[in-house]
Amino acid sequence: MDLKLAGKFALVTGSTRGLGKAIAMALAEEGADLVINGRWSKTVGDTAHEIEREFGHNIQAHQCVCDATDSQKIKEFFREKMPLFGDKLDILVNNVGNIEKFGKFEDLNEEDWQRSFNLTYMSAVRFIYASLPHLKKSDQARIINISSLSGHQPSFIGLNPHYGMAKAGMLNLTKNLANDFGRYGITVNTICPGTLAGGGWEQNIKNRAERENLTAEEAEKIMRQEESRKSPLGKMGALKDVADLVVFLSSSKASFLTGHCYNIDGGITRSV
């Protein structure tokens, strides 16, 4: 299906690896030009060049090297570099977020909570603030926030409440901004993936192996079995499942969809 994204301009935060990179690749495949974002110039440059090589000279992949927790660097990029690429932005995908410290409530300190909020929630706020003037100039503006299933269905064993808190905030932010930005013609939606085979999966395996004194192979086998049993489909999701939905929500076919949370979890969500 041609979703007519050729010539559209998208910025994907945290797009040098994992889910962010999969999203950037899917948008490029549909013809969108991109801004690749990450903290390190080498990985940002490598990803941008990889996309341009794979999809040809018709696709431009620009580079935004800045930490999503650094407000000043983000503002500098939009003030100094963004005008060189054009005056409008069609698609903003807020993908940055990470569990930097695994643990239950008693394992976490105040700094862990503040860091999680700053990285996972405030990164989206910062990029939305900076990009809003450019999104207003688009006739098909989209903000797509990548939250998590844990944002509305917390861990049954109380794991990583600081991360779930930050992701839950993104759900509320999405609804608020959808109600507000509709006057500009900007749609705002959230995607909540369950556990995916890719992205942070390797880190999850490592943490499970360390917690339970297992080899990485043993931990992955157990985790795949556990995740597959949760889903009525009996399998885990892939990065492409999320990337495909981002592409659809970015297109004109999603023009009447705003303020929603889309679960990509294989039916794991227990609420109606």
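Here goes a summary of the coordinates provided. Note that the structure is a prediction, hence the values are computed from the model and not measured.

Cut-offs and rules
Every chain is numbered independently, its residues counted from 1 as its sequence is written. Under the rules for a predicted model, residues below a pLDDT of 70 receive no local features and side-chain atom pairs below 80 are neither given nor counted, while totals for whole chains, interfaces and linings still include all residues. As a convention, hydrogens and water are excluded, and side-chain values are obtained from all of the structure's heavy atoms. Secondary structure counts use DSSP, requiring at least four H or I residues in a row for a helix and at least two E residues in a row for a strand, with both numbered from the N terminus. In this treatment the radius of gyration is a C-alpha quantity, and the globule benchmark scales as 2.2 Å times the residue count to the 0.38 power. To sort residues, take the accessible area from a 1.4 Å probe on protein chains only and compare it with the maximum for the residue type: under 20% means buried, over 50% means exposed, and anything in between is partly exposed. Whether two residues are in contact is decided by their heavy atoms: any pair within 4.5 Å suffices. Working convention for charge: Lys and Arg count positive, Asp and Glu count negative, and His plus the chain ends are omitted. Where a charge lies is defined by one atom per residue type: Lys uses NZ, Arg uses CZ, Asp uses CG and Glu uses CD. By salt bridge we mean one thing: a side-chain nitrogen of Lys or Arg within 4 Å of a carboxyl oxygen of Asp or Glu. Each residue after the first adds 1.5 Å to the expected span of a helix. Note on bend: at a given residue it equals the angle between the axes fitted to the 7 residues ending there and to the 7 starting there. Paired strands, in this sense, are two strands between which DSSP finds at least two bridges. Call a crossover right-handed when, viewed with both strands pointing away from you, the route from the first strand across the helix to the second goes clockwise.

### Structural notes on the overall build of the protein
- Counting its regular elements, the protein contains eight helices and nine strands.
- A globule of 272 residues ought to have a C-alpha radius of gyration of about 19 Å, and the protein, at 18 Å, matches this closely.
- Overall, the protein is about 50 × 35 × 35 Å in size when its C-alpha atoms are taken along their principal axes.
- Counting every position in the protein, which comprises 272 residues, the buried fraction comes to 49%.
- Counted over contacts in the protein with a minimum sequence separation of 6, partners at least 24 positions apart contribute 74%.
- For the protein, the distance from the average position of its 33 positive side-chain charges to the average position of its 33 negative side-chain charges is 3 Å.

### Considering the pattern of salt bridges
- In total, this model carries 14 salt bridges according to the counting rule given.
- Of the charged contacts, one joins Lys137 and Asp87 as a salt bridge, the two residues approaching to 2.5 Å between their closest N and O atoms. One end of the pair, Lys137, is in the loop between α4 (110-135) and β5 (142-146); the other, Asp87, is in the loop between α3 (71-85) and β4 (91-94), with 50 residues separating them in the sequence.
- On the basis of relative accessibility, which here comes to 46%, the residue Lys137 falls in the partly exposed class.
- When its relative accessible area of 45% is taken as the criterion, Asp87 is described as partly exposed.
- The closest approach of N and O atoms between Arg224 and Glu220, which form a salt bridge, is 3.1 Å. Separated by four residues within a single helix, Arg224 and Glu220 lie in helix α7 (residues 216-230), roughly one turn from each other.

### A few points about α3
- Under the 1.5 Å per step criterion, the end-to-end length of α3 is 20 Å for 15 residues, consistent within 8% with the ideal 21 Å.
- At Phe78, α3 is deflected by roughly 35°, the largest bend along its length.
- Inspection of α3 places Ile74, Phe77, Phe78 and Met82 among the buried residues, and these make up the whole buried set.
- Looking at the packing, one finds that the buried side of α3 touches β1 (9-12), β2 (33-38), β3 (61-65) and α4.

### Digging into the pairing of β4
- In β4, alternate side chains face the same way, and those of Ile91 and Val93 on one face and Leu92 and Asn94 on the other are all buried.
- Alignment of β4 against β5, held across four bridges, turns out to be parallel. The residue bridging Asn94 from the neighbouring strand is Asn145, located in β5.
- Handedness of the crossover is the feature at issue here: the chain leaves β4, passes through α4, returns alongside β5, and the resulting connection is right-handed.

Keep in mind these numbers describe shape, not what the thing actually does.
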